[in-house]
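# Structural overview
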Amino acid sequence: MDNLQKLYFDKAAVRGETVILGPSLEAAVEHQNLPTAVKTLVGEMAASALLCAAALEFDGSVVLQAQGDDKAPIVVDVSKDLSFRINVTMRDWEEGISEKAGLRELLNPAGGARCALILDASNRPNGEAPYQGVVVLEGDSFAEAMEQYFARSEQV
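Residues numbered from 1 in each chain as written. Predicted model: local features only at pLDDT ≥ 70, side-chain atom pairs only at ≥ 80, totals over all residues. Heavy atoms only, no water.

## Things to note about the layout of surface pockets
Think of a ball as big as a water molecule: rolled over the atoms, this probe shows where empty space is left. Our working rule: Cavity and pocket criteria rest on a 1 Å grid covering protein atoms alone: a 1.4 Å probe that fits but cannot get out defines a cavity, protein on both sides within 12 Å along at least 5 of 7 lines defines an open pocket, and an atom within 4 Å of a point defines a lining residue. Grid points are joined across faces, edges and corners, and a volume is the space filled by probe spheres set on the points. Secondary structure elements follow DSSP: runs of H or I of four or more residues count as helices, runs of E of two or more count as strands, with numbering from the N terminus.
In this structure, the second largest pocket spans a volume of roughly 150 Å³. Lining the second largest pocket are Lys6, Leu7, Tyr8, Arg15, Gly16 and Glu17. Of all elements in the fold, only β1 (3-9) and β2 (14-20) reach the threshold of two or more residues within the lining of the second largest pocket.

Written out as structure tokens, the structure reads:
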């Protein structure tokens, strides 16, 4: 990650965080020949996963996964130290994806896509599954999809 800034406004009792991805995102996807629109989506997912991991201060991995209609999943895995890796399987992507293709066009043209946030604790006992929140992937952007995720998933 290139920069994470935590914000706290005393008088408003408001907290926030911002993340900036540049060279770290490029390094994470340099071995993959991704269309521009897919790179944009992957960047939005990486920023979302990093913000979740930083806010949770979780001892383990935070994994954000989006899987669309008959597409291989896009997976962003963030470690406790906020290092991250990205896995995109291109075999299912169509040739000639528009640079301006959005979330619906890329992952959810038939409305069956899913978004999962997985918390895999470092001290998770063998045989115990990690926490997994899965919701329908909705919205025109990944930011909208995350808003829907937090509105619909159970927050433990």
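## Section: the sheet that holds strand β3 (residues 60-67)
Two orientations exist for strands paired in a sheet by backbone hydrogen bonds: parallel and antiparallel. The line we're drawing: Two strands are counted as paired when DSSP detects at least two bridges linking them. To define axes, lines are fitted to C-alpha atoms, for helices over the stretch in contact only, and angles between the resulting N-to-C directions are given on a 0 to 180 degree scale. Contact definition: two residues touch when any of their heavy atoms are within 4.5 Å.
Overall, antiparallel pairing links the 5 strands, which are arranged β5-β4-β3-β6-β7 in an open sheet. Unpaired on one side and paired on the other, β5 (84-88) and β7 (131-136) mark the two borders of the sheet. The sheet shows a mean angle of 10 degrees between the axes of neighbouring strands, taken without regard to direction. When β3 meets strand β6 (residues 114-121), the two strands line up antiparallel, connected through 8 bridges. Bridging from a neighbouring strand, Gly60 pairs with Ala121 of β6. Contacts from helix α4 (residues 142-152) reach β3, β6 and β7 within the one sheet, and its direction differs from that of β6 by about 65 degrees.

## A few points about α4
For clarity, the cut-off: Burial classification: accessible surface area is computed with a 1.4 Å probe over protein chains only, and a residue below 20% of its type maximum counts as buried, one above 50% as exposed, and the rest as partly exposed. Starting at the helix axis, one direction is taken to each C-beta atom, and the arc is that of these directions.
The complete set of buried residues in α4 reads Phe142, Ala145, Met146 and Tyr149. For α4, the angular spread of the buried residues around the axis is 100 degrees, confining them to a single face. Turned more than 90 degrees from where α4 packs its buried face, Glu147 and Ala151 sit exposed. Where the residues of α4 are buried, they touch α2 (36-56), β3, α3 (103-107), β6 and β7.

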